[in-house]
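Residue-level structure breakdown
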Amino acid sequence: MVPILAAHAGWLPIEATFAAIAAQNIALVDIRGPYPLRIGLLLSMAAILSGCTWLGSMAGGALPQALAATLVVILAGGVWRHLSGEYGPSLAVSSALLFLIALSHPAGTTAVLAPAGSAAVGALWGVVVQMALWPIRA
């Protein structure tokens, strides 16, 4: 909440919100299984988070596109929830949150790349944090 409130107050750029939410949601996932599966799942989650942020930024300019994109995110969230009962619900909620935050900001080519890039960097940082703990907690 701190980055969201600080960005709302004008103390941080809005991109910090996307990076913080993506990093937190990737770093806090408790993944079990072989390491290649873990890395693949984490990178897939990072791609989904940044993709939903990009979609929200792209659709933010007009109501029909925003409604269509919202429907896509809702349906995709349902699919993620049913594919994995352990990881799907948190991915569905966090990707929808990033999508809705990105949707609320004006669209444009520079406005599209900054939030999606920040979400990608934050998610990749979450992957690094997650992997750093593997030697300690296998």
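Overview of the structure.

Calculation rules
Residues numbered from 1 in each chain as written. Predicted model: local features only at pLDDT ≥ 70, side-chain atom pairs only at ≥ 80, totals over all residues. Heavy atoms only, no water. Helix = DSSP H or I, 4+ residues; strand = E, 2+ residues; numbered from the N terminus. Rg over C-alpha atoms; globule rule 2.2 N^0.38 Å. Buried < 20%, exposed > 50% of the residue type's maximum accessible area, 1.4 Å probe, protein only. Salt bridge = Lys/Arg side-chain N within 4 Å of Asp/Glu carboxyl O. Axes fitted to C-alpha atoms, helices over the stretch in contact; angles between N-to-C directions. Parallel < 35°, antiparallel > 145°, perpendicular 65-115°, else oblique. Contact = heavy atoms within 4.5 Å. Nonpolar A, V, L, I, M, F, W, Y, C, P; charged D, E, K, R; others polar. Expected span 1.5 Å × (residues − 1). Phe/Tyr/Trp six-rings, centres within 6.5 Å; stacked < 30°, edge-to-face > 60°. Lys NZ or Arg CZ within 6 Å of the ring centre and 35° of its normal.

This part covers the overall build of the protein chain. Across its full length, the protein chain holds six helices and zero strands. Counted from the first residue to the last, the protein chain has its helices and strands arranged as α-α-α-α-α-α. For 138 residues, the compact-globule estimate of 2.2 N^0.38 gives 14 Å, and the protein chain sits close to it at 15 Å. The principal-axis extent of the C-alpha atoms belonging to the protein chain is close to 45 × 35 × 25 Å. Put simply, the protein chain has 138 residues, and 35% of those count as buried.

Here the focus is the pattern of salt bridges. Applying the stated rule across the entire model yields two salt bridges. Between glutamate 86 and arginine 32 there is a salt bridge; the shortest N-O distance is 2.5 Å. Here the residue glutamate 86 occupies a position in the loop between α4 (63-83) and α5 (88-103), and arginine 32 occupies one in the loop between α2 (15-27) and α3 (35-59), the gap between them amounting to 54 residues. Taken together, the shared-partner salt bridges connect Asp30, Arg32 and Glu86 into one network.

Right, let's talk about the packing of helix α1 (residues 2-9) against α2 for a bit. Contact geometry for α1 and α2: axes closest at 8 Å, N-to-C directions at 175°. The angle between the axes of α1 and α2 places the two elements in the roughly antiparallel class. Here Pro3, Ile4 and Ala7 of α1 come into contact with α2, specifically with Ala16, Thr17, Ala20 and Ile21. Residue composition of the contact of α1 with α2, by class: six nonpolar, one polar and no charged.

Moving on, we come to α5. Taking 1.5 Å of rise per residue, the 16 residues of α5 would be expected to cover 22 Å, and the 22 Å separating its terminal C-alpha atoms lies within 8% of that figure. Regarding α5, the residues found buried are Gly88, Leu91, Ala92, Ser94, Ser95, Leu98, Phe99, Ile101, Ala102 and Leu103. Packing partners of the buried residues in α5 comprise α2, α3 and α4.

On to the packing of aromatic side chains, then. Describing an aromatic ring pair means giving the distance of the ring centres and the angle of the ring planes. Inspection of every chain in the model, using the stated rule, returns one aromatic pair. A ring pair is formed by tyrosine 35 and tryptophan 134, whose centres lie 5.0 Å apart and whose planes are at 40°; its orientation type is tilted. With tyrosine 35 in helix α3 and tryptophan 134 in the segment after α6 (109-132), this residue pair connects regions lying 99 residues apart in the sequence. The exposure class of tyrosine 35 is partly exposed, given its relative accessible area of 34%. Seen from the ring of tryptophan 134, arginine 38 lies directly overhead, with NZ or CZ sitting 5.5 Å from the centre.

Within the secondary structure, serine 94 sits in helix α5. Sequence separation of serine 94 and aspartate 30 is 64 residues, and the distance between their C-alpha atoms is 15 Å. With residues near it in sequence (within four places) discarded, serine 94 still touches Asn25 and Leu49.

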